[in-house]
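# Geometric and topological summary
Residue-level listing of the chains:
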Amino acid sequence: MKWSLTELRKNYRNEPLSFDETLNLKADLMERYGDDVLDLSPVHAQGMVSVVDGDVVVDAQVTADLTVPSSRSLAPVDLPVDFKMTEFYVSDPAATQRFEKTDVVMVVKDDQIDFDKAVGDNIILQIPMHILSKAEEQGEKMPTGNDWEVVSEADLEKVEKENQSVDPRLAKLKDFFPDQDDQ
């Protein structure tokens, strides 16, 4: 969905534009974020577009089913997304000063608001940094390979304590303070 900023200001100054759409964003998101998105169901977006003091405000509720790779094993993980997004669109960069720092304000170029791209970007923002499959959450064995293995932080600390060794060049210094061996 694309809207003209000028047309929205002209036609929806007194009454908001309501929408209830199903968007097919899979191809676009997989092209732009191929390593982070394995699959995406059709996206349901419902909301309204309002004109407030010449600025366009888009409020939408977005739901979809996203498949992303596990951050540990890269196994596919289903991630349902359901979020509300509010974005302000202005034509003049100076107008961004009127908004709070927490507001999402976009400067529109070429008089076009690309709602599909905005929804896609917001879906990507919903992906957590650390995501595990159900089996990984329940303690499944960590991945391993030839001469490598993934270990948890707790296991790593335990292994490091067990393998603490003193540099042979410094070992003789230990004899200078025999009463402090265990400290």
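Everything here concerns the structure above.
Report on the accompanying structure. Residue numbers run consecutively from 1 along every chain, following the written order of its sequence. In keeping with the predicted nature of the model, local features appear solely for residues at pLDDT of at least 70, side-chain atom pairs appear and are counted solely at 80 or more, and the whole-chain, interface and lining totals rest on all residues. Hydrogens and water molecules were not included; the side-chain quantities draw on all heavy atoms of the structure.

## As for the side chain of T67
- If you trace the backbone, T67 turns up in strand β5 (residues 55-69).
- Every residue pair with non-hydrogen atoms within 4.5 Å of one another is taken to be in contact. Setting aside anything within four residues of it in sequence, one finds T67 in contact with V37, L38, D39, P76, V77 and D78. Counting from the N terminus, the helices are DSSP H or I runs at least four residues long and the strands are E runs at least two residues long.

## Here's the deal with a nonpolar patch on the surface
- Patches here: salt-bridge-free residues with over 30% relative accessible area, like charges joined within 9 Å, nonpolar side chains (Val, Leu, Ile, Met, Phe, Trp, Tyr) joined within 5 Å. Here the open area of atoms and residues is found with the Shrake-Rupley method and a 1.4 Å probe, where only the protein chains shown may cover a residue. Note on definitions: salt bridges are taken to be side-chain nitrogens of Lys or Arg within 4 Å of carboxyl oxygens of Asp or Glu. Judged by side-chain polarity, L170, L173, F176 and F177 come together as a nonpolar surface patch covering roughly 460 Å² of accessible area.
- Here L170 lies in helix α6 (residues 168-171).

## Concerning the packing of aromatic side chains
- Put simply, two rings from Phe, Tyr or Trp (the six-membered ring, in Trp's case) pair if the centres are within 6.5 Å, and we call them stacked under 30 degrees between planes, edge-to-face over 60, tilted for the rest. All told, the structure shown has 4 aromatic pairs when counted by the stated rule.
- Relative to F19, the ring of W3 lies with its centre 5.6 Å away and its plane at 50 degrees, an arrangement referred to as tilted. Taken together, the residues span a long stretch of sequence, with W3 in strand β1 (residues 2-4) and F19 in strand β2 (residues 17-23) at a distance of 16 residues.
- Working definition: with a 1.4 Å probe on protein chains only, accessible area under 20% of the residue-type maximum means buried, over 50% means exposed, and in between means partly exposed. The exposure class assigned to W3 is buried, which follows from its relative accessible area of 10%.
- On the basis of relative accessible area, F19 is assigned to the buried category, the value being 7%.

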